[in-house]
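Reading the structure
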Amino acid sequence: MGSICWGCLGVNKHTVFGEGDMKNFEGIHPTALIGDGVMLGRNVTVGPHTVIYDNVYIGDDSVIGAHVILGEPCADFYGADANYSNRILEIGSGARIRSGSVLYAGSSFGDGLETGHRVTIREGTRAGKNFRVGTLSDIQGHCHIGDYVRLHSNVHVGHKSRIGNFVWIFPYVVLTNDPHPPSEFQVGVNIEDFAVIATMSVILPGVSIGKDALVGAGSVVNRNVEAESVVVGNPAKKVATVRDIKSKKDGGSVYPWRYHFDRGMPWQGIGYDAWVQKNA
Amino acid sequence: MGSICWGCLGVNKHTVFGEGDMKNFEGIHPTALIGDGVMLGRNVTVGPHTVIYDNVYIGDDSVIGAHVILGEPCADFYGADANYSNRILEIGSGARIRSGSVLYAGSSFGDGLETGHRVTIREGTRAGKNFRVGTLSDIQGHCHIGDYVRLHSNVHVGHKSRIGNFVWIFPYVVLTNDPHPPSEFQVGVNIEDFAVIATMSVILPGVSIGKDALVGAGSVVNRNVEAESVVVGNPAKKVATVRDIKSKKDGGSVYPWRYHFDRGMPWQGIGYDAWVQKNA
Amino acid sequence: MGSICWGCLGVNKHTVFGEGDMKNFEGIHPTALIGDGVMLGRNVTVGPHTVIYDNVYIGDDSVIGAHVILGEPCADFYGADANYSNRILEIGSGARIRSGSVLYAGSSFGDGLETGHRVTIREGTRAGKNFRVGTLSDIQGHCHIGDYVRLHSNVHVGHKSRIGNFVWIFPYVVLTNDPHPPSEFQVGVNIEDFAVIATMSVILPGVSIGKDALVGAGSVVNRNVEAESVVVGNPAKKVATVRDIKSKKDGGSVYPWRYHFDRGMPWQGIGYDAWVQKNA
């Protein structure tokens, strides 16, 4: 095995607490284990029993929970010699990584990453800013994820998936990649900006979901979905356009959602169009 | 951040083991971390590497496994000042919480709570007695759960769900709440007493599942289900009443299940009707 | 409770590190906790914060990750007296058990076991050699699993399942067992050699999936599937035989997959027929 085996993760000796300090301490818990080449920004908190392997970079003002693993070695570590160098894991500033999550070495995340508990994200993941990924979600790696993407709990993202900006994916959705499993031929799915995939849907290999489209709950999608289309069923069929959908609360329009929802979005408080103009 | 940041969770200094004591020890493992204001009943065991944040109350004769987190701070903790007080988490007596589970601050559970491994239960959950929730289940919080409810592995309970008494929900079921995601309008589902939801079903927002009803495996339920009805399919349709279903073992009746099954139920060994009379 | 309660898992006192030793150490991390009667082969690595309960046997050249639990006590432990002896958990050589996994006492695994993160495997599981089981998969125990079986992420295997050799099961598949839940009558499913079950499918109780058969994504399978059949839908219906399927890459045959795929298989580099002849 390579040189970053667990033995080199000693209990952190550089942190000494007095009783008073501990009460208001924000920093590295004494039970956390930190490898070599780890660079932590200002005001970073690391929770108890967390393990950070070699060559992890974390931006300012980040909170890493308990029982987290950052920089998990990739598969090639196990056959490597002592000169093996763990791949770099880059996490932007303002991250909040909740307990039990495992982020592999060899990925990068923009500012504002937020995870639920026990998320798994493998190597080769490139995610933009303000990415939020819910409890138990499982990102298999080698995928591209845009800005302000929201994955709810327990979403499975297969290799080679491409997810645009402002995409919402709800619990138990699976993005597949192998048209005739098991094989060595993988074609990822492509989810365009502002698309929404409701719970328990499967997107079959190579399928594209168009801008502003909506996939209804429990759908199995085996062909491309056009922009602004609504598809449902197994196999999924087009039943409407998103502009046909009316609010169950007040009968008004609800899609495209960017004109009706702004929590956590960069246009919060000013509206989507005003935000676009401001950035034009 | 508030005052319960991890730094105040020192390694418990109050527990000293001799060799002999350790062999038969039931108590707090020396690697567990215990916050302020934690109240443990008599005969409570806390496993290794478990973290209990401030203001958690646990009843007598409870067993908390390894790598558990109790009293996980809610989202408002992260922006709070040092006067922040963690919400109370109340767990009744006789609890058994298995390894890797995370229970947030701000919920309450009656006696006899039993969890599988790596369960997540967020704030605002109110559950009755003898609640059992299986491995990987994810309760999003702000929901009501009655007595003797059984969630099997990997059940997802959305905000505002209302689950009656003696309800069974099987693996990979999702209880939703947002009729046009993403939106700020949430209408939870309502599951009435004795209802059964089989594996991999989705209950759409605002849907009610009637008393003694049965939802077949893999269903997507988009309208209310009447008491004693059996529904299956995507979208789910009524195909029978539960009294039509015969045992594949002996051809006899199997529903309503309360007349045919009693393991772990309060009528165990005496039958449902006798139990009702006894409590009348 | 029995005598293997957590108190007896002291911090391992037998491992002393010098600075130099730690850098290249392969062995038991000082924060790991090891019970009585544990037998480790040569060249076994045990990660930080891992808990190994009594009577776990691990073969040579195995790597146990961080935050793992091996030999988790079965339910009867909780009511037992101090004479309780934890069941044996046997793990063959060359195992790689990733972080957060929980393997109960009372199971056995052949050589070459490989798990993802946070896998749960309960008691009474008997698995052959080169079993690979992905992140979050949940094996309920009391089941038989052959050689070279591949479970991808988040597969749920119910009690009494029988899985042959060289079977592939993809994410979010559920193998059920109770024809009228909740009941005390369980009939497991039976998956024959070389069968493939694609993502998000449910196999209903007692159903057999024949040799070389393929279950398409999102299927609910309520009757037996013949060898080499392709079934899809809810409920699943036969739509083709596997020999009808052509590669989306080059139009060639892709099933039975054993003639077209060999990564990690014993016929790797020589072809399936040559391997059969060699072993004849």
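Described in the following lines is the structure provided in the data block. Source: prediction; values computed, not measured.

**Observations regarding the nonpolar core**
Residues and elements named next belong to chain A. Leu 70, Ile 91, Phe 131, Leu 175 and Ile 209 are the most contacted members of the largest nonpolar core, which totals 69 residues. When residues of this core are traced back to their parent elements, those giving at least two are strand E5 (56-58), strand E8 (89-91), strand E17 (143-145), strand E22 (174-175), strand E25 (202-203) and strand E28 (220-221). Sequence-distant contacts of Ile 91, defined by excluding residues within four places in its chain, comprise Tyr 57, Ile 58, Gly 59, Leu 70, Ile 97, Leu 103, Phe 109 and Leu 113.

**Quick look at the interface of chain C and chain B**
Facing 51 residues of chain C, the contacting portion of chain B comprises 48 residues. For the chain C and chain B pair, buried surface summed over both sides reaches about 3800 Å², with 64% attributable to carbon and sulfur atoms. Where chain C touches chain B, the interface holds one salt bridge. A salt bridge links C:Glu184 to B:Arg263; its shortest N-O distance comes to 2.8 Å. Inspection of the chain C/chain B interface yields 15 residue pairs in polar contact (both at pLDDT 80 or more). Secondary structure elements with two or more residues in the side of chain C that touches chain B: strand E7 (69-72) and strand E10 (102-104) of chain C.

**With respect to the sheet that holds E25(A)**
Residues and elements named next belong to chain A. The 10 strands are arranged E1-E4-E7-E10-E13-E16-E19-E22-E25-E28 in an open sheet whose pairing can be described as parallel. Each of the sheet's edge strands pairs with one partner strand only, and the pair in question is strand E1 (33-34) and E28. Across three bridges, strand E7 (residues 69-72) lies against strand E10 (residues 102-104) in parallel orientation. Residue pairing for E10: Glu 72 is matched across the bridge by Tyr 104.

**Observations regarding the relation of the copies chain A and chain C**
Relative to chain C, chain A is turned by 120° and slid 0.0 Å along the rotation axis, the superposed coordinates differing by an RMSD of 0.0 Å. These values place the two chain copies in the arrangement generated by a three-fold rotation axis. Comparing interface residues between copies, only 18% of those in chain A also sit at the interface in chain C, which points to a heterologous contact through distinct surfaces.

**Comments concerning the relation of the copies chain C and chain B**
Each of the two chain copies can be brought onto the other by rotation about an axis and movement along it. Taken as rigid bodies, chain C and chain B are interconverted by a rotation of 120° and an axial shift of 0.0 Å, the fit giving an RMSD of 0.0 Å. In this assembly the copies use different faces: only 18% of the residues contributing to the interface of chain C also contribute to that of chain B.

**Looking at the sheet that holds strand E16 (residues 138-139) of chain B**
All names here are of chain B. In space, the 10 strands of this open sheet follow the order E1-E4-E7-E10-E13-E16-E19-E22-E25-E28, with parallel pairing throughout. At either margin of the open sheet sits one strand with a lone partner, and together these are strand E1 (33-34) and strand E28 (220-221). Taken together, the two bridges between strand E13 (residues 120-121) and E16 define a ladder with parallel strand orientation. By the bridge assignment for E16, Ile 121 is matched with Ile 139.

**Some remarks on empty space enclosed by the protein**
Per the counting criterion, the structure on display carries three cavities of 30 Å³ or more. Each pocket or cavity is described by its volume, and for the largest cavity that value is around 230 Å³. A:His67, A:Gly100, B:Gly100, C:His67 and C:Gly100 are the residues nearest the centre of the largest cavity, which is lined by 20 residues in total. Grouping the amino acids of the lining of the largest cavity by side-chain chemistry returns six nonpolar, 11 polar and three charged. By volume, the second largest cavity amounts to about 160 Å³. What lines the second largest cavity is a set of 17 residues, and nearest its centre among them are A:Gly218, B:Met200, B:Gly218, C:Met200 and C:Gly218. Tallied by class, the residues present in the lining of the second largest cavity amount to eight nonpolar, nine polar and no charged.

**Examining the pattern of salt bridges**
Using the criterion set out here, one finds 24 salt bridges over all chains in the structure. Notably, a salt bridge pairs A:Arg87 with A:Asp76, separated by 2.9 Å at the nearest N-O pair. Remark: A:Asp76 occurs in the loop between E7 and E8 and A:Arg87 occurs in the loop between E7 and E8; sequence separation between them is 11 residues. The class of A:Asp76 is partly exposed, set by a relative accessible area of 37%. Measuring nitrogen to oxygen at the nearest pair gives 3.5 Å for the salt bridge that ties C:Arg132 to C:Glu114. Of this pair, C:Arg132 sits in strand E15 (residues 132-133) while C:Glu114 sits in strand E12 (residues 114-115), and the two are 18 residues apart along the sequence. Each of the salt bridges in this network shares a partner with another, and the network as a whole consists of A:Arg98, A:Glu114 and A:Arg132.

**With respect to the pairing of strand E29 (residues 229-232) of chain B**
Each regular strand displays side chains that alternate between the two surfaces of the sheet. Residue and element names in this part refer to chain B. Two elements, strand E27 (residues 214-215) and E29, share two bridges in a ladder whose sense is parallel. Directly across from Leu 214, in E29, lies its bridge partner Val 230. As paired strands, E29 and strand E30 (residues 237-241) are joined by four bridges and run antiparallel to one another. From the neighbouring strand, Val 231 faces E30, where its bridge partner is Lys 238.

About the cut-offs
- Per chain, the residues get numbers from 1 upward, laid out in the order the sequence is written.
- For naming, the first written chain is A and the first written ligand is 1, with later ones following in the order written.
- Local features in a predicted model are, by the rule used here, given only for residues with pLDDT of at least 70; side-chain atom pairs are given and counted only at 80 or more, and totals for whole chains, interfaces and linings are based on all residues.
- Hydrogens and water molecules were not included; the side-chain quantities draw on all heavy atoms of the structure.
- Residues grouped as a nonpolar core are buried Ala, Val, Leu, Ile, Met, Phe, Trp, Tyr and Cys residues, joined through side-chain atoms within 4.5 Å.
- Only protein chains enter the accessibility calculation, which uses a 1.4 Å probe. A residue is then buried if its area is under 20% of the maximum for its type, exposed if over 50%, and partly exposed in between.
- Strands are runs of DSSP state E lasting at least two residues, helices are runs of H or I lasting at least four, and both sets are numbered from the N terminus onward.
- In this analysis, two residues are considered to be in contact whenever any of their non-hydrogen atoms come within 4.5 Å of each other.
- For any pair of parts, buried area is found by adding up, for both, the accessible area (1.4 Å probe) each one loses once the two are put together.
- The term salt bridge refers to a pairing of a side-chain nitrogen on Lys or Arg with a carboxyl oxygen on Asp or Glu at a separation within 4 Å.
- Two N or O atoms count as a polar contact when they lie within 3.5 Å, although within protein this holds only if one can serve as hydrogen donor and the other as acceptor, and sequence-adjacent residues are included solely when both atoms are side-chain atoms.
- Two strands are counted as paired when DSSP detects at least two bridges linking them.
- For the least-squares superposition of copies, only C-alpha atoms count, and only for residues with pLDDT at least 70 in both.
- A cavity, in this analysis, means grid points on a 1 Å lattice covering only the protein atoms where a 1.4 Å probe fits yet has no way out; a pocket is instead an open set bounded by protein on both sides within 12 Å along at least five of seven lines, and a residue lines either one if it has an atom within 4 Å of a point.
- Grid points are joined across faces, edges and corners, and a volume is the space filled by probe spheres set on the points.
- As a working rule, the residues Ala, Val, Leu, Ile, Met, Phe, Trp, Tyr, Cys and Pro are called nonpolar, Asp, Glu, Lys and Arg charged, and the rest polar, with Gly in that last group.

Treat this as a map of the structure, not an account of what it does.
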